[in-house]
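Below are the chains, spelled out letter by letter.
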Amino acid sequence: MKEKFQQLKLRILEELNSVSRLDDLEKLTIKYLGRRAGELTVILRNLKNLPLTERKETGKLVNKIKEEIEKVFKEKEKNLKATIKEEFFDYTLPGKKADQGSLNPLTQFLNKVIKIFFTMGFEVVQGQEVESEEYNFDLLNIPKDHPARDLWDTFYLTGGLLLRTHTSPMQLRLMEKRKPPVRLIVPGRVFRHEAIDASHESVFYQCEGLVIDEGLSLAHLIGTLKVFLEAVFGEIKIRARPSFFPFVEPGIEVDMSCLICKGKGCSVCKQSGWIEMLGAGMIHPEVLKNMKVDIKKYSGFAFGLGIDRLTMLYHGIDDIRLFHAGDLKFIKQF
Amino acid sequence: MKLSLNWLKDYCHFKNKPEELAELLSLSSFEVEKIHYPAQGLQGVMVGEIRKIEKHPGADRLYLAQVNLGKKNIQVIFGDKAEVKEGEKVPVAVAPMFLPSGLEIKERKIRGKESEGMLCLESELFPGAPEVLIRFDRFVKPGVSLAKALFLNDVVLDLNITPNRADCFYVLGLAREVSALTGKKLFLPSFKVKEDKEKIDLKVEVKEKDLCPKYEARVIKGVKVKESPQWLKSRLILSGIRPINNLVDVTNYLLMETGQPLHVFDADKVDKIIVRKAKENEKLLTLDGKEYLLDSSILVIADSQKPIALAGIMGGKETAVSEKTENIILESALFKPSFIRKASQKLGLRTESSLRFEKGRDRKMAEQALDRAAEMIRELSAGRVIKGKIIVSNQEPRDSRVKVSLNYLQAILGLNVDSKKTKEILTALGFKVKEKEKEFEIIIPSFRNDVRMPADIAEEIGRIYGYNNLEPAFLKGELKPVQEDPSLYYENILKEILISLGFDEVLNYPFYNIHLAERLSGYPLHNHFQLANPINPEQQYLRTSLIPLLAGATSRNLRSFEKVKIFEIGRVFLKGKAIFPKEEKKLAVMISEKGKDKISLYREIKGTAEYIFQKFGLEKIDWKEEKGSFNGYIQNRLIGSLSFFPTKEAGFFKLKDFLVIFSLNFDLFFPLIKEKKKYQSLSSYPGVKRDLSVFIDPHISWFKIKELVLKINPLIKEVELFDLYYREEGKKSLSFHLLYQSSERTLESAEIDKIQEIVIDQLEKKLKAKVRK
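Here the structure is a predicted model, which means the values were calculated and not measured.

On to helix α9 (residues 352-359) of chain B. Residues and elements named next belong to chain B. For α9, the complete set of buried residues consists of Ser-353, Ser-354, Arg-356, Phe-357 and Glu-358. As for α9, its buried residues are in contact with α7 (246-258), β23 (328-334) and α8 (337-347). Just downstream of α9, Gly-360 is the residue with a positive phi angle, here 95 degrees.

Here it is, written out as C-alpha cells:
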C-alpha cells in the first residue's frame, strides 16, 4: 500500500518534470489534484471505505504526499510564470522623462561659432550694448549728415546715447588696448529700429570678426570665411560680391550655396541658388588710423555674421521672432 | 532702382541675356534683387479697332463688337462697363489665352452669339491699375500686340544700388558700368539744342555760392502742356515713376537717365531767381500741398519777394507748371550734399531729388541734362527754346587724383594682377591712368566722388576682375594659447549646469514698459534709461532687472506646461555716475508649477542655488532674511537671492501659482569662483544613519534646529531634513536623518544611542520639541 503511493508520487513528479508550459501544468493539476476527479482527491475521498486502522495511517500518508505535490506544483507554476515574464518583455513601454533643459538655439549656434573661431586662434571678447554716436558711427567712417547713416535705423536713448546697431564699434574699443597682430571675435546683441516680421527683428545677434596683421589681403578674408562656413555647414560653395559698408574698403558680401536646393533654386534662396550670409571687407584706412594702427605696416579685415539668420538656416527655422518669444514648445526642441 | 534694359541698350549694345547680365552685375557691381518681365502674361492681347457696335439681341446689357485685328476680324461680346465707341482702338484679349489674373479667355456662345475674345480694362491687364479702358492713338496699327504698343517688350532689373555709388542711380552711369563689365562700347547721347532767335532775359542771383556751387537755367516759351507720348510714359512706368504731363515727364526722364534733378517753374509767375537761405519764419506751400515753416538752415530758391522752391528738395505750388502754363524756366543746379540732407531731415521731406543731391552729383552732368531736357521739351511741346542759358558757377574744381602702386593693389587684393589689366579696367570705368614704373597716377572722373584713395582703386580692380577669381588664402601666425574671457567662460558653464538641472534658456528683449519698470524692477523709474524713439510703449525703458519679462514668460508657458523651469542670463542697464549705463550681467532662474505648494517650490529653487554655489566651489555664503527675500552674501557683497514673485503683482501676468526666483549678480559672482577644489580624504569607517521625528513650534527655523544638533557632538556630521508638514494645532512635524561618523574608528551602537538621547533631550529642553516615538 505504502509503496503504491510512493510510486504514484514519483510518477507525478516525473510527469511534472516534463512540463514546460503553464497550460500543461494546469492539465496535470486537474489530473491529480482536481476537485472532482483528481487521482489524489479520489484516493482521499475513497479512504472512508477502508478499515478504521488502515484509514488513519493511509490518510496521513496520502495527505502528506498531496501537500508535497501541491507545494512542488506551486513552485513549478511560479517558475513558469517568471519565465513568461522575461520572454514577453514589453519594449514599447514609455521612457521616464529626463529632466533636462535646453539652451536657446541662438546660444547653441553662437557657441558653435565661437568654438570654431577659438580653435583658429581668435580671442573672444564681449562688448557694451549701449554705445555713443562716436563709436557706433563717427569713428567707423560714417559721419553725421552722410547718407550712409541711413543704412542703420537706430534706437536712441534720451540724452544722445544709442543701442549699438552693430558689433563694429568694438573694433575700435578693443584696439585701444591692443596692438597688432590681433585676431578677435565679438559676439553680441545688436539693435535696429525696424518693424518686426517673420524675417526682421529689432533685437538680434551678431558676431564681429577682426584680424589685423602684416600682409593681409582680401584673399585671406575670403579664405577665412570659407573655412568657417564649411566648418558650420559642411560641403558648400561660397561666392563674394561687392558691397558697401563705410568702415571697410573694398567691402564684400558673401553668399553660400543654398542648403535646401543645393544651388538649383528654391523659395528659401528666392530661386537664386545662393543665400546671403554676411558682410565683410578690408578695414578702411580711416578706421585703421582711428585705431592708431600703422597703415604702412599693417592691413586688416573685418566681418559681421548675422547669428539669427545663420541659426535659422542651420535648423530650418522660418520665423525670426521665435528666438525672443520665450515659448518653451520652441526652445525644448533644441 | 529699376533699370529698363531697352533704355540701357540705347547707350551700350551688350549681347548678354538678361539673366546673364543680372548675374554679372550682382557679382561685380550691385545686387540684382529681381528680374521683371513686363510683357509676361500679355501674349495674346492685341490692339483691336472697333469697327461696329450692336446691341446683343438676347441680352439687355450686352453688346456685340466687330473688331479689326489687322489680319483678321473677330466678334466680341462686351458689357456696358467698357464705354467704347466705334472707331476706337483698345486692348483685346483674343481667345484662347489666360489673363494675368488667371482668367481664361476662350471662344464661347453667350445667349446664342459667338464671342471670340474680350475687351480688357487696364485693371484686367495690370493688377492694381485703374478700371479704365486704354485707347490708342492713330499711330498704333490694329493687330499689333499690346506689349509692343505699350513698349513693354522689355526686361527690368531691380537693382540694389549701394549709397556710395551715386553715379549708378541713373541709366547712363549703369551703361558705363555695363560697358566696363561686358567690354562693349559706351555711346553717350548726342544731340543739339535748336534754339530760337529770341535771347534769354532772366536774372539769377546766387547768394550762397558754397551751398549752390552751380546754378544753370534755360527759358522755353510757348509750350503746350499735354500727355507724353507712349514710349516716354512707358519708360517712366517701367522705372517706377508715374507719368504726369510732358514737362514733368521730361524732367523725370532726365532724372532717371542722368541722375540730375531738374525743376520747372512757370516763368510768368517768377520775376527773378535768387538762391539764398530762408529767412526765419518764412513759409512755403510745396507741390505736395503741405506748408513748411522755414529758417536759415534751409536753402531756398526765391523770387524777389518770397521762396518759390526748397532748393534740391521740392518746388513750390504757386510757381508750379499747370495746364495753362505757356512759358517755363528750367533749372539745373548743384547743391551742397550735407546741407540738403540736413534740411530734408529737418523738414521730414525726402524726395527723389533730395536723395540724389545728398549723395553728391556729377558736376559736369548739370549742363548736359539741362540742354537735353530743353531739346526734349521743344520736341514734345512745340515750345521755343530761348537762345542762351544762364550759368552761375563757382570755379570748376580740379579733377582729383589718386596715386597708387601696383604692389599695393596686388597686396591688398591677394592677386597677381598686372599693370595692363589694371589700366584696362580703370579706363573702361572712366578713369584716366598715367603709369610710371608700376606707380599709377589716376585722374578721378567727376561722377566718381566715392573714389578718393588707393583702397578705392583696389575695390574697382577687385570687383571687375571678379572677387571669385581670387585664390582663397589662409591665416598664418604664431600659435599661442588664446586667453578665454572668464565672464563668458563661466557663463557658459553656468548655462550648462542649469540645463542639466532641467531649466530652459529664455532670451527676452532688453526693454520693457513703464509699469514693469516702476513696479517690478526693484529700481525707481528715474533710475532707468529711456528710449527716445521706442517702437512702441512696451519697449520704452531699458531693463534694470531680468525678473519682470522672465516672469511673463513663465506665466505664458504655464498655459501649455504643468511645470515651468526657466532662466535667462543677460545685461541690465543701471544708472551710475558715468554717462554710459553700468551694464551688469545677471542671472534669473524661475520655477512655477500648477497647484504646487510654496515650501516645495522654495526648496527646489534653493537646492538649485546651493548646487550652483557648491559646483563653483563657493561654500561660505551668509544667508540673511531681508525684506521678503533670502539674500546670500559673500564678503559682504550681495551675490544672489531667493524670493517669491510678489502675489500682489501677479495680476500683471495672470499668474495663479507660486513663482520662486533665484537671482544672481553674475559680475560679482564669477570672479569668486574657485575652480580648483581641495581634496578631502575619504573616511574608511562607515557612517551610521539614525532618523528622528519631532513636533515643534512652527516659528522655530530649520537652521536653528540643525545648528543645535550639530553642536551636540562632533560625531554628528550631517542633519538632513526629509519630511515636513504642518499640523492643525499650531505645530509642525519634522523628520530628519542624523549621520554619525568617525574618521578613526567604527562607531558602536551603544555610543550612538547615548548621543541620540542627548540630542532628544536637548531638542526637548531647548526648543520644546516633542519627539515622536
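Back to the write-up after that little detour.
Below, the discussion takes up helix α12 (residues 419-428) of chain B. Residues and elements named next belong to chain B. Of the residues making up α12, those classed as buried are Ser-419, Thr-422, Ile-425 and Leu-426. Seen from one end, α12 has its buried residues packed into an arc of 130 degrees, which puts them on one side. Taken together, the buried residues of α12 touch α11 (406-413), β27 (432-436), β28 (439-443) and α13 (454-465). Trailing α12 by a residue or two, Gly-430 shows a phi angle of about 100 degrees, which is positive.

Attention now moves to the pattern of salt bridges. All names here are of chain A. Inspection of every chain in the model, using the stated rule, returns 77 salt bridges over all chains. Among the ionic pairs, Lys-144 bridges to Glu-133, the shortest N-O distance being 3.8 Å. Taken together, the residues Lys-144 in the loop between α6 (133-136) and β3 (162-163) and Glu-133 in helix α6 connect sequence positions 11 residues apart. Classification of Lys-144 as exposed rests on a relative accessible area of 55%. On the accessibility criterion, Glu-133 (21% relative accessible area) is partly exposed.

So, about the layout of surface pockets. All names here are of chain B. Roughly 2,000 Å³ of internal volume is contained in the second largest pocket. Looking at the lining of the second largest pocket, the elements with two or more residues in it are α17 (598-615), β34 (622-626), β35 (629-634), β36 (637-644), α19 (702-712), β39 (716-727) and β40 (731-740). The class makeup of the residues in the lining of the second largest pocket is 20 nonpolar, seven polar and 14 charged.

The next subject is empty space enclosed by the protein. Counted under the stated rule, the structure contains four cavities of 30 Å³ or more. Taken together, 26 residues line the largest cavity, and the ones lying closest to its centre are Leu-110, Gln-126 and Tyr-205 of chain A together with Glu-491 and Lys-495 of chain B. Elements represented by at least two residues in the lining of the largest cavity include exactly α5 (105-119) and β4 (182-191) of chain A together with α14 (486-500) and β32 (563-574) of chain B. Across the lining of the largest cavity, the residue classes break down as nine nonpolar, seven polar and 10 charged. Empty space within the second largest cavity amounts to approximately 80 Å³. Along the walls of the second largest cavity sit Pro-242, Ser-243 and Phe-244 of chain A together with Ser-29, Phe-30, Thr-162, Asn-164, Arg-165, Asp-450, Glu-459, Glu-460 and Arg-463 of chain B, which together make up its complete lining. By residue number, the principal contributor to the lining of the second largest cavity is α13 of chain B, which donates three residues.

What follows covers the packing of aromatic side chains. All names here are of chain B. Counted under the stated rule, the structure contains 32 aromatic pairs over all chains. Judged by centre distance (6.1 Å) and plane angle (65 degrees), the ring pair of Phe-613 and Trp-623 falls under edge-to-face. On the criterion of sequence distance, the pair formed by Phe-613 in helix α17 and Trp-623 in strand β34 is long-range, its members being 10 residues apart. Take Trp-623: its relative accessible area is 22%, and that puts it in the partly exposed class. Among the aromatic residues, those joined into a cluster by ring pairs are Tyr-489, Tyr-490, Phe-613, Phe-616, Trp-623, Phe-630, Phe-662, Phe-666, Phe-669 and Phe-670.

The partner chain B presents 85 residues to the 84 residues of chain A that form the contact. Interface area, chain A with chain B, both sides summed: about 6,800 Å², of which 60% is carbon and sulfur. For chain A, the biggest contributors to the area lost against chain B are Gln-126, Asp-145 and Pro-242 of chain A; these three give 10% of the whole. Inspection of the chain A/chain B interface yields five salt bridges. Measuring nitrogen to oxygen at the nearest pair gives 2.6 Å for the salt bridge that ties Asp-504 of chain B to Lys-332 of chain A. Summed over the shared surface of chain A and chain B, the number is 35 residue pairs in polar contact (both at pLDDT 80 or more). Among the elements that make up the side of chain A that touches chain B, the one with the highest residue count is helix α8 (residues 218-233) of chain A (eight residues).

What counts and what doesn't
- Residues numbered from 1 in each chain as written.
- Chains lettered and ligands numbered in written order.
- Predicted model: local features only at pLDDT ≥ 70, side-chain atom pairs only at ≥ 80, totals over all residues.
- Heavy atoms only, no water.
- Buried < 20%, exposed > 50% of the residue type's maximum accessible area, 1.4 Å probe, protein only.
- Helix = DSSP H or I, 4+ residues; strand = E, 2+ residues; numbered from the N terminus.
- Contact = heavy atoms within 4.5 Å.
- Arc of directions from axis to C-beta.
- Salt bridge = Lys/Arg side-chain N within 4 Å of Asp/Glu carboxyl O.
- 1 Å grid on protein atoms, 1.4 Å probe; cavity = no way out; pocket = protein on both sides within 12 Å on 5 of 7 lines; lining within 4 Å.
- Points joined across faces, edges and corners; volume = space filled by probe spheres on them.
- Nonpolar A, V, L, I, M, F, W, Y, C, P; charged D, E, K, R; others polar.
- Phe/Tyr/Trp six-rings, centres within 6.5 Å; stacked < 30°, edge-to-face > 60°.
- Buried area = accessible area lost by both parts, 1.4 Å probe.
- Polar contact = N/O pair within 3.5 Å; in protein donor to acceptor, adjacent residues only side chain to side chain.

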